[in-house]
Amino acid sequence: MPRGSSPKRERQYEHIKESVQQRGESEEKAEEIAARTVNKERARAGESKTASKESLEDMSSSRRGGLHSHSGAQGPTYDQLYAEARRRNIHGRSDMNKAELKRALDD
């Protein structure tokens, strides 16, 4: 967690980290994603001393997450489907595209 983070940002970091790990990512990757997301949100809220132009102008993390959620227009992402297929130990998942993963998970 970055220095000077508020309790709110620490909770946000832990929540994101746990969510990413539940999707099947390693702890190291989950920590990286959580830190980047929290840092970007801190920059957008004016809580950090420096912020890149991209952090300030890009779509917010919560909006992006909403678009990729299961309730989004296109359903779950390929990575979400693959993580679920790995969790269910579906044979041949690494050779499947998004549509094939959906079919395999629906069976």
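Residues numbered from 1 in each chain as written. Predicted model: local features only at pLDDT ≥ 70, side-chain atom pairs only at ≥ 80, totals over all residues. Heavy atoms only, no water.

Peer 1: What am I meant to see in unusual backbone geometry here?
Peer 2: Most of the time, phi is negative for any residue but glycine, and the peptide bond is trans. Its identity as a non-glycine residue notwithstanding, N89 has a phi of 60 degrees, on the positive side. Looking at the secondary structure, you find N89 in the loop between α5 (78-87) and α6 (98-106). A residue is classified by how much of its surface remains accessible, and N89, at 60% relative accessible area, is exposed. (Helix = DSSP H or I, 4+ residues; strand = E, 2+ residues; numbered from the N terminus. Buried < 20%, exposed > 50% of the residue type's maximum accessible area, 1.4 Å probe, protein only.)

Peer 1: Please clarify how the nonpolar core should be interpreted in this entry.
Peer 2: Within soluble globular proteins, side chains that are nonpolar tend to cluster in buried spots. Residues L81, A85, I90, M96, L101, A104 and L105 constitute the largest nonpolar core, which totals seven residues. Those elements that provide at least two residues to this core are α5 and α6. Here this core gets three residues from one element, more than from any other, and that element is α6. Not counting chain neighbours up to four residues away, the residues in contact with A104 comprise I90 and M96. Membership of the second largest hydrophobic core comes to six residues, among which are Y13, V20, A30 and V38. (Core = buried A, V, L, I, M, F, W, Y, C linked by side-chain atoms within 4.5 Å. Contact = heavy atoms within 4.5 Å.)

Peer 1: Would you take a moment to explain the packing of α5 against α6 for this structure?
Peer 2: Closest axis-to-axis distance for the α5/α6 pair is 10 Å, and the angle between their directions is 40 degrees. As far as their axial angle goes, α6 and α5 are oblique. Helix-helix and strand crossings are classified by hand; for α5 and α6 the assignment is left-handed. When α5 is examined against α6, the residues Y78, L81, Y82, E84 and A85 are found in contact with a partner set consisting of K98, L101, K102 and L105. (Axes fitted to C-alpha atoms, helices over the stretch in contact; angles between N-to-C directions. Parallel < 35°, antiparallel > 145°, perpendicular 65-115°, else oblique. Left-handed = near helix turned anticlockwise from the far one by under 90°.)

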